[in-house]
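The lines below spell out each chain.
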Amino acid sequence: MGEKLRLGIDVGGTNTDAVLMAGQEVVATAKQFTTADVRDGVIASVASILDQSGVDRASIKAVMIGTTQFVNAFVQRRDLAPVAAIRVALPMGDGIPPFSGWPDDAVESVGGHRYMIGGGSYFNGTEYRPLDEDALRAAALDARAKGIDCFAISANFSPIRPDIEARAAAIVAACVPGAMITLSSEIGGPGLLDRENGAIINASLGPLAKRVVASLQQAIHDLRIDAPIFLSQNDGTLISTDVAARLPIMTCSAGPTNSIRGAAFLTGIKEAVVVDIGGTTADIGFLREGFARETTLPNYLGGVRTNFRMPDLLSIGVGGGSLVRPDGRVGPRSVGFRLQQEGMVFGGDTLTATDIAVRAGHVRLGDPQAVAGLDAALVEAALDDMHLQIEDGIDQVKVSPEPLPLILVGGGSILLSRPLKGTSETLRPAHAAVANAVGAAIALVSGQVNKLYDFRTHGRDAALAQAREEATNAAVAAGAARDEVEVIDIRELPMSHMRSGMVQVRVRAVGPLVGHA
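Residues numbered from 1 in each chain as written. Predicted model: local features only at pLDDT ≥ 70, side-chain atom pairs only at ≥ 80, totals over all residues. Heavy atoms only, no water.

- The name recorded for the chain in an unreviewed UniProt entry is Hydantoinase/oxoprolinase, from Rhizorhabdus wittichii.

### Details of helix α6 (residues 192-204)
Alright, step 1. With 13 residues, α6 should reach 18 Å at 1.5 Å per residue; the first-to-last C-alpha distance of 18 Å fits that figure.
Alright, step 2. Counting buried residues along α6, 12 of its 13 residues qualify, which places the element largely inside the surrounding structure.
Alright, step 3. Within α6, the full set of buried residues consists of L192, D194, R195, E196, N197, G198, A199, I200, I201, N202, A203 and S204. (Helix = DSSP H or I, 4+ residues; strand = E, 2+ residues; numbered from the N terminus. Expected span 1.5 Å × (residues − 1). Buried < 20%, exposed > 50% of the residue type's maximum accessible area, 1.4 Å probe, protein only.)

### Quick notes on the sheet that holds strand β10 (residues 180-183)
Alright, step 1. Spatial ordering of the open sheet is given by β6-β5-β9-β10, a layout of 4 strands whose pairing is parallel. Bordering the open sheet on either side are β6 (113-118) and β10, each of which pairs with just one other strand. Taken over all neighbouring pairs, the strand axes of this sheet differ in orientation by 20° on average, direction set aside.
Alright, step 2. Bridging between strand β9 (residues 150-155) and β10 involves 4 bridges; their strand directions are parallel. Bridging across to β10, C150 finds its partner in M180.
Alright, step 3. Taken strand by strand, helix α5 (residues 162-175) contacts β5 (84-90), β9 and β10, and its axis lies near 150° from that of β9. (Pairing = 2+ DSSP bridges. Axes fitted to C-alpha atoms, helices over the stretch in contact; angles between N-to-C directions. Contact = heavy atoms within 4.5 Å.)

### A short note on the side chain of S215
Alright, step 1. With respect to the helices, strands and loops of the structure, S215 is situated in helix α7 (residues 206-222).
Alright, step 2. Residues in contact with S215, not counting those within four places in the same chain, are D37, V38 and R39.

### As for unusual backbone geometry
Alright, step 1. Of note, the bond from L90 into P91 is cis; its omega dihedral lies within 30 degrees of zero at 10°.
Alright, step 2. Tracing the sequence through the fold places P91 in the loop between β5 and α3 (104-110).
Alright, step 3. G331 connects to P332 through a cis peptide bond whose omega is -5°.
Alright, step 4. Mapped onto the elements, P332 comes out in strand β20 (residues 330-334).
Alright, step 5. The phi torsion at F99 lies on the positive side, around 75°, for a residue other than glycine.

### Some points on the packing of helix α4 (residues 133-145) against α5
The axes of two packed helices give the description: the angle between them and the distance between them.
Alright, step 1. Relative orientation of the contacting elements α4 and α5 amounts to 45°, with a least axis distance of 9 Å. As the angle between them shows, α4 and α5 are arranged oblique. The two elements α4 and α5 cross, and the hand of that crossing is right-handed. Of α5, the residues touching α4 (which contributes E133, L136, R137, A140, L141 and R144) are R167, A168, I171, V172 and C175.
Alright, step 2. The residue inventory of the contact of α4 with α5, partitioned by class, reads 7 nonpolar, no polar and 4 charged. (Parallel < 35°, antiparallel > 145°, perpendicular 65-115°, else oblique. Left-handed = near helix turned anticlockwise from the far one by under 90°. Nonpolar A, V, L, I, M, F, W, Y, C, P; charged D, E, K, R; others polar.)

### Things to note about the UniProt feature "domain: Hydantoinase/oxoprolinase N-terminal" (unreviewed entry) in the chain
Alright, step 1. The positions that UniProt labels "domain: Hydantoinase/oxoprolinase N-terminal" (unreviewed entry) are, in the present scheme, residues 6-173.
Alright, step 2. Taken end to end, residues 6-173 is 33% helix and 33% strand, and its two terminal C-alpha atoms sit 38 Å from one another. (UniProt positions renumbered as here; feature names shortened; annotations may be inferred.)

### As for the nonpolar core
Alright, step 1. In this structure, L7, I9, V46, V63, F74, W102 and I225 are the most contacted members of the largest nonpolar core, which totals 61 residues.
Alright, step 2. A282, L314, L408 and L420 belong to the second-largest nonpolar core, a separate cluster that totals 33 residues. (Core = buried A, V, L, I, M, F, W, Y, C linked by side-chain atoms within 4.5 Å.)

### Some thoughts on the environment of P405
Alright, step 1. Along the chain, P405 turns up in strand β21 (residues 404-409).
Alright, step 2. Assessed through its relative accessible area of 14%, P405 is described here as buried.
Alright, step 3. Residues within four places of P405 in sequence aside, it is in contact with I269, E271, A272, V273, S424 and E425.

Have a look at this one:
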């Protein structure tokens, strides 16, 4: 096989999936349980598909990885580092201090250390107060004395004036050698509080991100695969391992986004509802022009409001490992990755949604005799509940009453067998169980701008042209082939509360990796 191969890997909370692709062809797939050290699960999955395919490792030219490790860590409040949140805004911007609206356990997990510093700019970039460098040095040294080396720096309208945060970061780095510093201007849009929240979350994940990315790199090295490694981010496009280690928050929704992109690839459909059912949850999202539809509203990560790019998803507690109660209700509790030990068809004594699917004859898995004695009424009630929960979820996230095609993916898609309300047809493509890894393997490189432009001064056409050029350049800088880059999304949001011609413009450009067009 002389064609360049791509290796797609999805490291989820329950399973680690891998797929080997040659152009548009799926060559081999594998699914293994995720391990405490992600390295072992990756090696097991990739070794399996190498054995199946017999390909020469040297023909693998790129490795694309999606992972939910970071979002799981923040949601579960584990492996988080203490953070010093520094806001450069005084004498303005002190009405709602950092960590406002955070769940108590989230504040406790990252320490809740906050510092308010003088400096900042207006919406048009005009500085209203120089950076108070003395106060900033004092804050950095105080944090260092507390043993903190992770910092989140935010400033008013920093997407317009990122230099203010950059100057603050240089001072902090001089005071705290080796500090891990997140700038809010790299995380979100104009809204200070939501952008600051994202920066704090990212900073808390910094040490974990370094360990996980290093472990993934080590796994590929141990597999003797000499190819560049990329991680997929929330919009389903790629970033380098260096960027992922520095900005792990950009990868938090990569898993479901990859599933949606994989569903589009496997079916050839660009507008549809996608339901990805895993071991613990079902993620319901939408395909829009072949990409996951992004939310236009602030979103919540582990109970904390943010405004960075996220797919518009609804997650409900129905998965292959979901517990089934005596009255037939399913979830939200799940045995998760312990399904193979605790599920009845695998020799355990816990009734799960997978056992119901096997008893109903949807799939042959494990020992069907272990569930042959289940009451038929209980099986029917559980099937009714699972279908009803999915139908309700689809109804919550649909924006049109018109029925759309439904694409079912994920290992838990075996749970559903009936037509669902609000959909026109149900598609179960080949390789649906590893659609997330397929989505990673086919991922493109993207560039995006999200800034305020003065339409009154520069004119709308000129401003949009500038935004398109900046997004294209960002995609090329990330590794895209310039000739193949396309602008796929342009959004304008007039700042009607301001007496000016300022308009928030978001432009997204995507293209294939150089050498993989």
